[in-house]
Amino acid sequence: MKILVTGGGGFIGSHLVEALLARGHRVTVLDDFSTGHAENLRPFGRKVALVRGDCADEAAARKACRGVSAVFHLAAMPSVPRSVKDPLLSHRTNATATLTMLVAARDAGARRFVYAGSSAVYGDLPTLPKREDMPTRPLSPYGLGKLAGEHYVRLFASLYGMETLTLRYFNVFGPRQDPGSPYSGVISLFVTALLEGRRPVIYGDGRQTRDFTYVANVVDANLRALTAKGLRGQTLNVATGKRISLLDLHREVSRELGVERSPVHRAARQGDIKHSQAAIGAARRLLGYRPIVSFRDGIRRTTDWYRASAPITRQN
Ligand code: UD2
């Protein structure tokens, strides 16, 4: 099958590209490398057809969709704080880009469209675990843009008969996650801080919890979505169904790295959600999804990767 992965140069996208190639698919990537990196695609060489461009740009979207039968739309500007600073850019890259890709996919005859949604759509609703049929109340332009995308994904199934699906990701981590900004995923920041001899920062008391999900689980859910029957614009959580506190995360990463360095506590981040945990029964029912890599194994694989690949100055 010829498949398009938008955001294929990103952290999750590049893992998906790798898995699709390994299964013999032909892969096109549409990416402007605004948050992803061309180096993430280098190992695949000419096996990947690259279209450099912005998903909100109609011409780029149409070019990338030519001849493909399925689209995985992962490109986004995935930072909550950046979206608060620049809501227009967030809307363009998260909502407008999704609509543009849906139109291009429809017109190119790509019937299947799998969209990377986010747990950010739930906002701070106190009920746990979060189920897909619970109300949504995003707290950021990022969450709102992702939610708008979900609605378009659903509409394109009912209006145009496309086989569409939203996968709502929860805190994904793993190799290749970029620790380059203060808004990077906390696991990439903890691991690189500990490896580089710095003390990790915990915002707030560290008792907040997240459903940290190793990237292979997310890739597996996407692969299942490629062949699953009955896609009609549904939304599914993709996570582990468990939650881990930041204090426990720090302990686990420290143990795995064999480094003891206590965290520095800073004031809690504005708009930070206290607890996040997914119900994953719907993904099991529709996709047969079950987490294949546990949190602990994921942490081991991730720390191994950063140890081997990151340019680090150890000051232990
Ligand atoms: C995640 C997603 C985001 C969105 C959101 C939905 C990532 C990287 N981000 O944001 O895209 O889907 O969920 O709600 O997965 N923290 C520290 N120290 C640090 C960095 C973070 O204590 O150095 C805390 C932070 O305040 C938060 C937790 O760790 O309580 C997780 O932070 P994050 O930035 O990894 O992810 P989150 O949940 O804000």
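### Remarks on the packing of helix H6 (residues 186-195) against helix H8 (residues 246-257)
Here is step 1 of the chain: Put simply, H6 and H8 touch, their axes get as near as 10 Å, and they point 45° apart. The angle between the axes of H6 and H8 places the two elements in the oblique class. For the pair H6 and H8, the sense of crossing is right-handed. Of H8, the residues touching H6 (which contributes Val186, Ile187, Phe190, Val191, Leu194 and Leu195) are Leu246, Leu249, His250, Val253, Ser254 and Leu257.
Here is step 2 of the chain: A breakdown of the residues in the contact of H6 with H8 according to their chemical character gives 10 nonpolar, two polar and no charged.

### Let's talk about the nonpolar core
Here is step 1 of the chain: If you look at the biggest cluster of nonpolar residues, it comprises 65 residues, and the most contacted ones within it are Leu20, Phe72, Leu167, Tyr169 and Leu249.
Here is step 2 of the chain: Of the residues that make up this core, three or more belong to each of domain 1 (2-172 + 215-238) and domain 2 (174-210 + 242-278 + 293-309).
Here is step 3 of the chain: When neighbours within four sequence positions are excluded, Leu249 is seen to be in contact with Val186, Ile187, Phe190, Phe212, Ile244, Phe295 and Ile299.
Here is step 4 of the chain: Of all hydrophobic cores here, the second largest spans 23 residues; its members include Ala60, Val71, Ala75 and Met101.

### Considerations on the packing of helix H4 (residues 87-108) against helix H5 (residues 141-160)
If you want to describe how two helices pack, look at the angle between their axes and the distance between the axes.
Here is step 1 of the chain: Close contact between H4 and H5 brings their axes to 8 Å; oriented N to C, the two are set at 15°. Considered as vectors, H4 and H5 are oriented roughly parallel to each other. For the pair H4 and H5, the crossing hand works out as right-handed. Contacts from Pro87, Ser90, Asn94, Ala95, Thr98, Leu99, Leu102, Val103 and Arg106 in H4 reach Pro141, Tyr142, Gly145, Lys146, Ala148, Gly149, Tyr152, Val153, Phe156 and Tyr160 in H5.

### With respect to the site of the ligand
Here is step 1 of the chain: Residues in close proximity to the ligand total 19 residues, the closest being Ser118, Val186, Val201, Arg210 and Asp272.
Here is step 2 of the chain: Between an oxygen atom of the ligand and a side-chain N or O atom of Asn171, the distance comes to 3.0 Å.
Here is step 3 of the chain: Interatomic distance of 3.4 Å between a side-chain N/O atom of Arg269 and an oxygen atom of the ligand.
Here is step 4 of the chain: Protein burial of the ligand: of its 720 Å² of free accessible surface, 87% is covered by the chains.
Here is step 5 of the chain: Going through the elements one at a time, H6 and strand E8 (201-203) are the ones with two or more residues in the shell around the ligand.
Here is step 6 of the chain: Take the shell around the ligand: its biggest share by element is three residues, from E8.
Here is step 7 of the chain: The class makeup of the residues in the shell around the ligand is 10 nonpolar, six polar and three charged.
Here is step 8 of the chain: Residue assignment places the shell around the ligand across two domains, with domain 1 (2-172 + 215-238) and domain 2 (174-210 + 242-278 + 293-309) each supplying three or more.

### Quick look at the pattern of salt bridges
Here is step 1 of the chain: By the definition in use, this model includes 19 salt bridges.
Here is step 2 of the chain: The residue Glu163 makes a salt bridge to Arg112 at a minimum N-O spacing of 3.2 Å. Note that Glu163 is positioned in strand E6 (residues 163-169) and Arg112 in strand E5 (residues 112-118), a separation of 51 residues in sequence.
Here is step 3 of the chain: What makes Glu163 partly exposed here is its relative accessible area of 24%.

### Re the domain arrangement of the protein
Here is step 1 of the chain: Under the domain assignment used here, the protein contains domain 1 (2-172 + 215-238) and domain 2 (174-210 + 242-278 + 293-309).
Here is step 2 of the chain: Domain 1 and domain 2 are separated by 25 Å when their C-alpha centres are compared.
Here is step 3 of the chain: Carbon and sulfur atoms make up 54% of the area that domain 1 and domain 2 hide from each other, which totals about 1700 Å².
Here is step 4 of the chain: If you look at where domain 1 meets domain 2, you find one salt bridge.
Here is step 5 of the chain: Counting across the domain 1 and domain 2 interface gives eight residue pairs in polar contact (both at pLDDT 80 or more).
Here is step 6 of the chain: Contributing elements (two or more residues each) for the side of domain 1 that touches domain 2: helix H1 (11-22), helix H3 (80-85) and helix H7 (215-227).

### Some words on the side chain of Arg210
Here is step 1 of the chain: Note that Arg210 resides in strand E9 (residues 209-210).
Here is step 2 of the chain: Taking relative accessible area as the criterion, Arg210 reaches 12% and is therefore assigned buried.
Here is step 3 of the chain: Looking at Arg210, its side chain comes within polar contact range of the main-chain oxygen of Ile273, at 3.0 Å.
Here is step 4 of the chain: Within polar-contact distance, the side chain of Arg210 engages the backbone oxygen of Lys274 at 3.5 Å.
Here is step 5 of the chain: Ignoring anything within four residues of it in the chain, the contact list for Arg210 reads Asn171, Lys242, Arg243, Ile244, Asp272, Ile273, Lys274, His275 and Ser276.

### Some details on the sheet that holds strand E1 (residues 2-6)
Here is step 1 of the chain: Spatial ordering of the open sheet is given by E3-E2-E1-E4-E5-E6-E11, a layout of seven strands whose pairing is parallel. Two strands lie at the open edges of the sheet, namely strand E3 (48-52) and strand E11 (234-238), each paired on one side alone. The average angle at which neighbouring strand axes cross in this sheet is 20°, direction not considered.
Here is step 2 of the chain: Here four bridges tie strand E4 (residues 70-73) to E5, and the two strands are oriented parallel to one another. Directly across from Val71, in E5, lies its bridge partner Phe113.

Procedures and definitions
Each chain carries its own residue numbering, running from 1 in the direction its sequence is written. Thresholds applied to this predicted model are a pLDDT of at least 70 for local features of residues and 80 or more for the giving and counting of side-chain atom pairs; totals over whole chains, interfaces and linings are not thresholded and use all residues. As a rule here, side-chain values cover all heavy atoms of the structure and leave hydrogens and water aside. Here the axes come from fitting lines to C-alpha atoms, over the contacting stretch only for helices, and the angles between their N-to-C directions go from 0 to 180 degrees. A run of DSSP states H or I qualifies as a helix once it reaches four residues; a run of E qualifies as a strand once it reaches two. Both are numbered from the N-terminal end. Angle categories: roughly parallel below 35 degrees, roughly antiparallel above 145, roughly perpendicular from 65 to 115, and oblique for all the rest. When the near helix sits turned anticlockwise from the far one by under a right angle, the crossing is termed left-handed; a clockwise turn instead gives a right-handed crossing. Any two residues having at least one pair of non-hydrogen atoms within 4.5 Å are treated as being in contact. Residues are sorted three ways: Asp, Glu, Lys and Arg are charged, Ala, Val, Leu, Ile, Met, Phe, Trp, Tyr, Cys and Pro are nonpolar, and all the rest, Gly among them, are polar. What makes a nonpolar core is a set of buried Ala, Val, Leu, Ile, Met, Phe, Trp, Tyr and Cys residues whose side-chain atoms join them at distances within 4.5 Å. Relative accessibility decides the category of a residue: with a 1.4 Å probe and only protein chains considered, values under 20% of the type maximum give buried, values over 50% give exposed, and everything between is partly exposed. For the domain bounds, the source is a domain assignment made automatically or taken from a database. Residues are counted as near a molecule or strand when any one of their heavy atoms sits within 4 Å of it. Distance and chemistry together define a polar contact, namely a pair of N or O atoms within 3.5 Å, with one atom able to donate a hydrogen and the other to accept it when in protein, and with adjacent residues in sequence counting only for side-chain atoms on both sides. Using a 1.4 Å probe, the Shrake-Rupley method yields the accessible areas, and only the shown protein chains count as cover for residues. Here, a salt bridge means any side-chain nitrogen of Lys or Arg that lies within 4 Å of a carboxyl oxygen of Asp or Glu. For any pair of parts, buried area is found by adding up, for both, the accessible area (1.4 Å probe) each one loses once the two are put together. Pairing between two strands requires that DSSP report at least two bridges joining them.

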